[in-house]
Number of protein chains: 2
Amino acid sequence: MDKLKQRILRDAKVLPGNIIKVGGFLNHMVDIGLMRDIGKEFAAIFGGQCPTKILTIEAAGIPIAAMTSLELDIPFVIAKKFDSIEYVNPSEDYSAHVTSHTKKTSHVIRVSKSFFTPDDRVLILDDFLAYGDAALALIEIVRQTQASLVGVGICVEKSFQKGAEQLESKGINLHSLVRVQSLEDGVITML
Amino acid sequence: MDKLKQRILRDAKVLPGNIIKVGGFLNHMVDIGLMRDIGKEFAAIFGGQCPTKILTIEAAGIPIAAMTSLELDIPFVIAKKFDSIEYVNPSEDYSAHVTSHTKKTSHVIRVSKSFFTPDDRVLILDDFLAYGDAALALIEIVRQTQASLVGVGICVEKSFQKGAEQLESKGINLHSLVRVQSLEDGVITML
């Protein structure tokens, strides 16, 4: 997606620890025109597979899910993050563990069982794919619902980390709008 | 807003501690048609005052901000929550303290200083107004930016708690789409 690629090259900053800072337009202050185009792009990529629900994770995935949901006219579900498994009710919730390599934290995500049926066709969306921890946890939640997984849509894939490889080795239908090959010396090189 | 009112009366659940559970359509699984209408309603209420930016707080405020932002064609800023003040950089961020009466937790919210100028006209949006803790913290952030505060838009006001009174006593331009007068005996009574 050229518009997102150009915007990243123009406005993103590279921070120590292979972090791409896109807070000024993607996940802290949101450029709604760009976000609308991202939603249209994901709708074009995945719409033909007739998803019935979008699943994302709070908080940065929400604007992406909202705009794609608007385009496809289907609901979106926000997996909530909790510090500890004690906030999950196993009789009411699906849950999975996530370890964030970037933030060096571990937490639990959950969604209510009432939001999914085995007939659902679920599209997972998120802002970044690095080591794939969040995506793998969301995939695990979809597995628990017994719904079908349509695919995983990502705005910015860090292709030099292990996430994309892991998802593809599992046969997941992954589409990343922008793929970053390297951040060496603070320079963003794209595939 | 009658559509939201009817949906709450039909689908919301009242939990102990005066909690209204709207997870099935407003803040956990999101009905995008309803959310679009909420965005249009806030745009109609506040659009005449020419806001230049929307400010909300993660995570439940994000879909509301996104849909209103789309309607008004202005960016929205997400105040991020942190457990501790140590994650805030005073030279780069505006910050404020929030105490959640519902969750019995205390945290810090922050936004980057680079997102606002004194010329901005800021509209604050959130899902619930109870004791007003989040709203007051967002108002404090707007004060620090030296921008103008256009008003505060809320989906569901619990009018029997102190938030609305506090905001109005400060002369804040508050608009709530739905006002709940009482949750006694688990029955939702609206104003």
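Every value quoted in this text rests on a predicted model; they were computed, and no experiment measured them.

1. Some points on the pattern of salt bridges
Residue and element names in this part refer to chain A. Under the defined criterion, the tally for this structure stands at 19 salt bridges over all chains. R36 serves as the salt-bridge partner of E71, at 3.3 Å between the closest nitrogen and oxygen. With a gap of 35 residues between them, E71 in helix α4 (residues 61-72) and R36 in helix α3 (residues 32-46) connect regions that are remote in the sequence. For R36, a relative accessible area of 21% gives the class partly exposed.

2. With respect to the interface of chain B and chain A
Quoted interface sizes are often the accessible area lost when the parts come together. Tallying the contact residues gives 30 residues for chain B and 30 residues for chain A. In total, chain B and chain A occlude about 2,400 Å² of area from one another, counting both sides; carbon and sulfur atoms represent 71% of this. Counting the contacts that link chain B with chain A gives zero salt bridges. At the boundary of chain B and chain A, one finds six residue pairs in polar contact (both at pLDDT 80 or more). Every element with two or more residues in the side of chain B that touches chain A is listed here: α2 (23-27), β3 (29-30), α3 (32-46), α4 (61-72), β5 (76-82) and β7 (105-112) of chain B. A per-element tally of the side of chain B that touches chain A places α4(B) first, with six residues. Of the residues contributing to the side of chain B that touches chain A, the split by class is 16 nonpolar, six polar and eight charged.

3. What about the environment of B:V178?
Considering the arrangement of structural elements, one finds B:V178 in strand β10 (residues 174-182). In sequence terms B:V178 and B:M1 are 177 residues apart; their C-alpha atoms lie 6.5 Å from each other.

4. A look at helix α5 (residues 133-145) of chain A
Residue and element names in this part refer to chain A. Look at α5: 19 Å from first C-alpha to last across 13 residues, which is about the 18 Å you get at 1.5 Å a residue. All of the buried residues in α5 are A135, A137, L138, I139, I141, V142 and T145. Backbone geometry just after α5 places Q146 at a positive phi near 65°.

5. Comments concerning the side chain of B:T145
Tracing the backbone shows B:T145 in helix α5 (residues 133-145). Setting aside anything within four residues of it in sequence, one finds B:T145 in contact with B:Y94, B:F116, B:T117 and B:P118.

The rules behind each value
- Residues numbered from 1 in each chain as written.
- Chains lettered and ligands numbered in written order.
- Predicted model: local features only at pLDDT ≥ 70, side-chain atom pairs only at ≥ 80, totals over all residues.
- Heavy atoms only, no water.
- Salt bridge = Lys/Arg side-chain N within 4 Å of Asp/Glu carboxyl O.
- Helix = DSSP H or I, 4+ residues; strand = E, 2+ residues; numbered from the N terminus.
- Buried < 20%, exposed > 50% of the residue type's maximum accessible area, 1.4 Å probe, protein only.
- Contact = heavy atoms within 4.5 Å.
- Buried area = accessible area lost by both parts, 1.4 Å probe.
- Polar contact = N/O pair within 3.5 Å; in protein donor to acceptor, adjacent residues only side chain to side chain.
- Nonpolar A, V, L, I, M, F, W, Y, C, P; charged D, E, K, R; others polar.
- Expected span 1.5 Å × (residues − 1).

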